[in-house]
Amino acid sequence: MFDTHTHLCHKSFRKDREEAFDRALEAGVNLMLEISWDVRSSEAAIRFAEDHEGVWVAVGYHPHESRNTRTPSGHSHNYSELTLRSQGNNTRPPSGDSHNQLESQGNNTPNYLQRLEELSKHQKVKAIGEIGLDYYRDLSPRDVQKRVFAEQIELADELKLPMVIHCRDAMDDVLPIVAEQGYYRGVFHSISADSEQAQKIVGLGFYLGINGTLTYDSKRTKSWLPRVPKERLLIETDCPYLAPVPYRRERNEPAYVRYVAEAVAGVLETSVEEIGDLTEKNGKELFLG
Ligand SMILES: [Zn+2]
């Protein structure tokens, strides 16, 4: 199986990162795409992937962290230290989805696009992400989120890499920005969409990333899941966030992607093996093809 969205470099795995990786292998998860949220986490993800077979990497700036970027012109959007979340020693996964939890601080780089481009040359890097807009938590100003999203779409296009797109309560802005950039390769991860939006996203050429929310908050997704092309479906954990039932509200980990496959199989009335194989094939096609 291919867990197409992991954050094993998140600090909640500080104590048992290797064990979590081993548990994934034991559960039949032989491929993982480790997703970054800023330059530091991109570097950490590459280091982790170098030592672990089957782990691939997406480098990029999450919308939450976009306030910490600087543009090529040197124009700084490094907002006050006061807006940074306290790091603390808490190893539990946060209930929300902030990725501002790396073990060390100091995300900033004079030219984040240039650094991402350098990192993208590494043979383990297969995507740009996660990038997008998050109006649910609004941790970065929206104009900054939009700019950093558009800049990274342009980078992905230049590098011919697929994108991992994060979109929360922001579909009305995400789709026009994507259209303006005119680049349509990648996945809408943790897809939250109505039927019309899901069909539109697939129609543009994107894949849909299904995660543990299908095990508890599934009505809307279930309404369109049987009607989108199966070859566009991917499964993911988004660990340490969004653990599926029966681990809901606990720390998520790649081994649990099996519960996502089970939930998809339930909706599509097929076997977990078939969904595991299908989504692995789809993931390879998008990221490793
Ligand atoms: Zn994520």
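Residues numbered from 1 in each chain as written. Predicted model: local features only at pLDDT ≥ 70, side-chain atom pairs only at ≥ 80, totals over all residues.

### Notes on the overall build of the protein chain
Consideration 1: For the protein chain, the count of helices and strands is nine helices and eight strands.
Consideration 2: In the protein chain, buried positions account for 49% of the 289 residues.
Consideration 3: Taking the intrachain contacts of the protein chain between residues at least 6 apart in sequence as the baseline, contacts between residues at least 24 apart amount to 71%. (Helix = DSSP H or I, 4+ residues; strand = E, 2+ residues; numbered from the N terminus. Buried ≥ 20, exposed ≤ 12 C-beta atoms within 10 Å, placed from the backbone. Contact = placed C-beta atoms within 7 Å.)

### Examining the sheet that holds strand β5 (residues 163-168)
Consideration 1: Taken in spatial order, the eight strands make up an open sheet running β1-β2-β3-β4-β5-β6-β7-β8, and their pairing is parallel. One side of each edge strand has no neighbouring strand; the edge strands of this open sheet are β1 (2-6) and β8 (233-235). Averaged over neighbouring strand pairs, the angle between their axes works out to 30° when direction is ignored.
Consideration 2: Where strand β2 (residues 31-35) lies against strand β3 (residues 55-59), four bridges are found, and the strand directions are parallel. Across the sheet, the residue bridging to Met-32 is Val-55, located in β3. (Pairing = 2+ DSSP bridges. Axes fitted to C-alpha atoms, helices over the stretch in contact; angles between N-to-C directions.)

### Thoughts on the environment of Ser-223
Consideration 1: Structurally, Ser-223 can be placed in helix α7 (residues 219-224).
Consideration 2: Classification of Ser-223 as partly exposed rests on a count of 13 C-beta atoms within 10 Å.
Consideration 3: Counting along the chain gives 44 residues from Ser-223 to Val-267, while the straight-line C-alpha distance between them is 9.4 Å.

### Thoughts on unusual backbone geometry
Consideration 1: The linkage connecting Gly-129 with the following residue, Glu-130, adopts the cis geometry, with an omega of 5°.
Consideration 2: Its location among the elements puts Glu-130 in strand β4 (residues 125-134).
Consideration 3: Residue Pro-240 follows Cys-239 across a cis peptide bond; omega there is 15°.
Consideration 4: With respect to the helices and strands, Pro-240 occurs in the loop between β8 and α8 (257-268).
Consideration 5: The backbone of Glu-269 sits at a positive phi, close to 55°, despite the residue not being glycine.
Consideration 6: Within the secondary structure, Glu-269 sits in the loop between α8 and α9 (272-288).
Consideration 7: A count of 7 C-beta atoms within 10 Å places Glu-269 in the exposed class.

### Side note on the environment of His-7
Consideration 1: Tracing the backbone through its elements, the reader meets His-7 in the loop between β1 and α1 (17-26).
Consideration 2: A sequence separation of 38 residues divides His-7 from Ala-45, and the C-alpha atoms of the two residues are 8.5 Å apart.

### Topic: the nonpolar core
Most often, soluble globular proteins have nonpolar side chains that are buried together.
Consideration 1: Counting residues in each nonpolar core, the largest one holds 75 residues, and the members touching the most others are Ile-128, Val-187, Leu-208, Ile-210, Val-260 and Val-264.
Consideration 2: Every residue in contact with Leu-208, bar those within four places of it in the chain, is listed here: Val-187, Phe-188, Ile-191, Ala-198, Ile-201, Val-202, Val-228, Arg-232, Leu-233 and Leu-234. (Core = buried A, V, L, I, M, F, W, Y, C linked by C-beta atoms within 7 Å.)

### Some details on the environment of Phe-21
Consideration 1: Looking at the secondary structure, you find Phe-21 in helix α1.
Consideration 2: With 23 C-beta atoms packed within 10 Å, Phe-21 lands in the buried category.
Consideration 3: For the pair Phe-21 and Met-32, spaced eleven residues apart in sequence, the C-alpha separation works out to 9.6 Å.

### Regarding the confidence of the model for the protein chain
Consideration 1: In the predicted model, the protein chain carries a mean pLDDT of 89, and 86% of its residues have values of at least 70.
Consideration 2: Within the model, the stretch residues 73-98 combines pLDDT values under 50 with 31 contacts to residues more than four positions away or in other chains.
Consideration 3: Contacts for the low-pLDDT stretch residues 100-107, under 50 throughout, to residues beyond four places or in other chains number 21 contacts. (pLDDT = per-residue confidence, 0-100.)

### Remarks on the pairing of strand β7 (residues 207-210)
Consideration 1: Both faces of β7 are covered, namely the face carrying Tyr-207 and Gly-209 and the face carrying Leu-208 and Ile-210.
Consideration 2: Of the strand pairs in this sheet, strand β6 (residues 186-188) and β7 are connected by two bridges, and their pairing is parallel. What sits directly across from Phe-188, in β7, is Leu-208.
Consideration 3: Handedness of the crossover joining β6 and β7 through helix α6 (residues 195-204): right-handed.
Consideration 4: Of the pairings in the sheet, the one linking β7 to β8 comprises three bridges and is parallel in character. For Ile-210, the partnering residue across the bridge sits in β8 and is Ile-235.
Consideration 5: Handedness of the crossover is the feature at issue here: the chain leaves β7, passes through α7, returns alongside β8, and the resulting connection is right-handed. (Right-handed = clockwise from strand over helix to strand, strands pointing away.)

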